[in-house]
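Residue strings, one per chain:
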Amino acid sequence: MAEIWTNYGWPLTWIILKIFMIIVPLMISVAYLTLFERKVIGAMHLRKGPNVVGPFGLLQPIADGLKLFFKETVIPTGSNTIVFVLAPIVTFVLALLAWSVIPVGAGLVLADINVGILFLFAISSLGVYGVLMAGWASNSRYAFLGALRSAAQMVSYEVSMGFVIVTVLMCVGSLNLSDIVEAQRTVWFVFPLLPMAIIFFVSTLAETNRHPFDLPEAEAELVAGYNVEYSSMTFALFFLGEYANMILMSAMTVILFLGGWLPPFNLSIFNLIPGPIWFAAKISLCLFVFVWVRATLPRYRYDQLMRLGWKVFLPISIGAVAVIGGVLVASNILPLNNTG
């Protein structure tokens, strides 16, 4: 019995503990990201933002969560009940699942798999299914149009994101996320690959349906889009999934272009700060840009959105793959060649 506990019980307990060590801080971060967004936008609009519930409004996310938890879940009469309820669960679970391969520090990762970047890309691609399920199951033309917009938008920008990721992988020679971070000890990829970093970050805005690409949730013509029929906790799961995806996309940007948990300069004073702190600080910077863009830029038209994705980002990213691959081969520094 002791042998069974040693071989199976303790490792399983440790894995469950590590999962909670990821999920709990992530859920707290998602909750307070909503407060952070409202505070930053309030400051940019020269107003205070939430400031009533708790000191400086710090308890506002908890109050919002309790309000949604105790509200009645309304399911439309003509909807497909099972798919209707399952859609926000799919969106929320996928947003959490991707964090299993995100390294927050040297060796601090739940599953350090060799194809981590492919796993991340696959999970982010599956996110569109929750939106499509919600739009179809709601039995509402507004929700369905929002879901169709979201599907076309996410597929369009995933293509450019894929080619941008290929340029990074060619420079590293590995699909492992920890290897991608370690390859940036000398210089972060944001400097030699600055155009790719910009394309990737703008594509993450479109991938998460954020301003100025929030056309699936356009209040003016679709009255909130694919989640218009949702209420209480089903709406809260969509809300949490969206903000968890924002944090995930920021983490991907940090890993691919901003050196992950590595300090900005190789100085002894910076090396005293733990890697996870640097990782969280860089994610916070990316999230600030998410909020900044929302407070600054107007919404794109849908034809402008598609033109940007297919006629601007896609040709540039494909050309970058050819150019960067040619440079690496010509200079004989392609990592894959060095491994035989």
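So, how was this worked out
Residues numbered from 1 in each chain as written. Predicted model: local features only at pLDDT ≥ 70, side-chain atom pairs only at ≥ 80, totals over all residues. Heavy atoms only, no water. Helix = DSSP H or I, 4+ residues; strand = E, 2+ residues; numbered from the N terminus. Rg over C-alpha atoms; globule rule 2.2 N^0.38 Å. Buried < 20%, exposed > 50% of the residue type's maximum accessible area, 1.4 Å probe, protein only. Contact = heavy atoms within 4.5 Å. Areas by Shrake-Rupley, 256 points an atom, 1.4 Å probe, with all protein chains shown as cover. Salt bridge = Lys/Arg side-chain N within 4 Å of Asp/Glu carboxyl O. Axes fitted to C-alpha atoms, helices over the stretch in contact; angles between N-to-C directions. Parallel < 35°, antiparallel > 145°, perpendicular 65-115°, else oblique. Left-handed = near helix turned anticlockwise from the far one by under 90°. Nonpolar A, V, L, I, M, F, W, Y, C, P; charged D, E, K, R; others polar. Expected span 1.5 Å × (residues − 1). pLDDT = per-residue confidence, 0-100. Polar contact = N/O pair within 3.5 Å; in protein donor to acceptor, adjacent residues only side chain to side chain. Phe/Tyr/Trp six-rings, centres within 6.5 Å; stacked < 30°, edge-to-face > 60°.

Draft legend 1. Representation of the overall build of the chain in the model. Tallying secondary structure elements over the chain gives 13 helices and zero strands in all. Each helix and strand of the chain, ordered N terminal to C terminal, gives the series α-α-α-α-α-α-α-α-α-α-α-α-α. Computed over C-alpha atoms, the radius of gyration of the chain comes to 21 Å, within 12% of the 20 Å expected from 2.2 N^0.38 for 340 residues, which places it in the range of a compact globule. Taking the principal axes of its C-alpha atoms as reference, the chain extends roughly 65 × 60 × 45 Å. Across the 340 residues that make up the chain, the buried fraction comes to 46%. For the chain, the share of sequence-separated contacts (at least 6 apart) that also reach a separation of at least 24 residues comes to 77%. Just so you have it, the chain exposes about 17000 Å², and 72% of that area is on carbon and sulfur atoms.

Draft legend 2. A look at the environment of Pro11. Within the secondary structure, Pro11 sits in helix 1 (residues 2-44). Owing to a relative accessible area of 32%, Pro11 belongs among the partly exposed residues under this scheme. With 252 residues separating them in the primary sequence, Pro11 and Pro263 have C-alpha atoms 32 Å apart.

Draft legend 3. Looking closely at the pattern of salt bridges. Evaluated as defined, the whole model comprises eight salt bridges. Notably, a salt bridge pairs Arg294 with Glu37, separated by 2.9 Å at the nearest N-O pair. Linking Arg294 in helix 11 (residues 275-296) with Glu37 in helix 1, this pair joins segments that are 257 residues apart in sequence. Look at Glu37 and you get buried, because its relative accessible area is 2%. A salt bridge links Glu182 to Arg185; the shortest N-O distance between them is 2.6 Å.

Draft legend 4. Looking closely at the packing of helix 3 (residues 81-97) against helix 4 (residues 116-137). Relative orientation of the contacting elements helix 3 and helix 4 amounts to 160 degrees, with a least axis distance of 8 Å. Taken together, the axes of helix 3 and helix 4 lie roughly antiparallel to each other. Relative to helix 4, the crossing made by helix 3 is left-handed. Packed against helix 3, whose contacting residues are Val83, Phe84, Leu86, Ala87, Val90, Thr91, Leu94 and Leu97, the element helix 4 presents Phe119, Ile123, Leu126, Gly127, Gly130, Val131, Met133, Ala134, Trp136 and Ala137 at the interface. Taken together, the residues of the contact of helix 3 with helix 4 sort by class into 15 nonpolar, three polar and no charged.

Draft legend 5. Spotlight on the packing of helix 4 against helix 5 (residues 141-172). Closest axis-to-axis distance for the helix 4/helix 5 pair is 8 Å, and the angle between their directions is 175 degrees. In terms of orientation, helix 4 lies roughly antiparallel with respect to helix 5. Between helix 4 and helix 5, the residues in contact are Ile117, Phe121, Ser124, Ser125, Gly127, Val128, Val131, Leu132, Gly135 and Trp136 and Ala143, Phe144, Ala147, Ser150, Ala151, Met154, Glu158, Met161, Gly162, Ile165 and Leu169, respectively. Partitioned by chemical class, the residues of the contact of helix 4 with helix 5 number 14 nonpolar, six polar and one charged.

Draft legend 6. Helix 9 (residues 232-257), seen in detail. For helix 9, which comprises 26 residues, the first-to-last C-alpha distance of 38 Å matches the rise-based estimate of 38 Å (1.5 Å per residue) to within 8%. When you tally the buried positions in helix 9, you get 21 out of 26 residues, the bulk of the element. Of the residues one or two after helix 9, Gly259 is the one with positive phi, at around 80 degrees.

Draft legend 7. Molecular detail of the environment of Ala122. Following the sequence through the fold, Ala122 ends up in helix 4. With 24 residues separating them in the primary sequence, Ala122 and Ala98 have C-alpha atoms 9.1 Å apart.

Draft legend 8. How the structure looks around the confidence of the model for the chain. Here the chain averages 84 in pLDDT, while 91% of its residues score no lower than 70. Across residues 336-340, confidence stays below pLDDT 50; counting only partners more than four residues off in sequence or on other chains, it has three contacts.

Draft legend 9. Fine view of the side chain of Thr167. Summarising the element assignment, Thr167 is placed in helix 5. Among the polar contacts made by the side chain of Thr167, one reaches the main-chain carbonyl oxygen of Val164 at a distance of 2.4 Å. For Thr167, the contacting residues outside a window of four places in its chain are Met196, Ala320, Val321 and Ile324.

Draft legend 10. Quick look at the packing of aromatic side chains. Across all of its chains, the model carries 12 aromatic pairs by this definition. Plain terms: the ring middles of Phe213 and Tyr300 are 5.2 Å apart, the flat faces sit at 70 degrees to each other, and that makes the pair edge-to-face. Here Tyr300 lies in the loop between helix 11 and helix 12 (302-330) and Phe213 lies in the loop between helix 7 (194-207) and helix 8 (219-222), a separation of 87 residues in the sequence. On the accessibility criterion, Phe213 (2% relative accessible area) is buried. One aromatic cluster is present, built from ring pairs that chain together Phe84, Tyr226, Tyr230 and Phe238.

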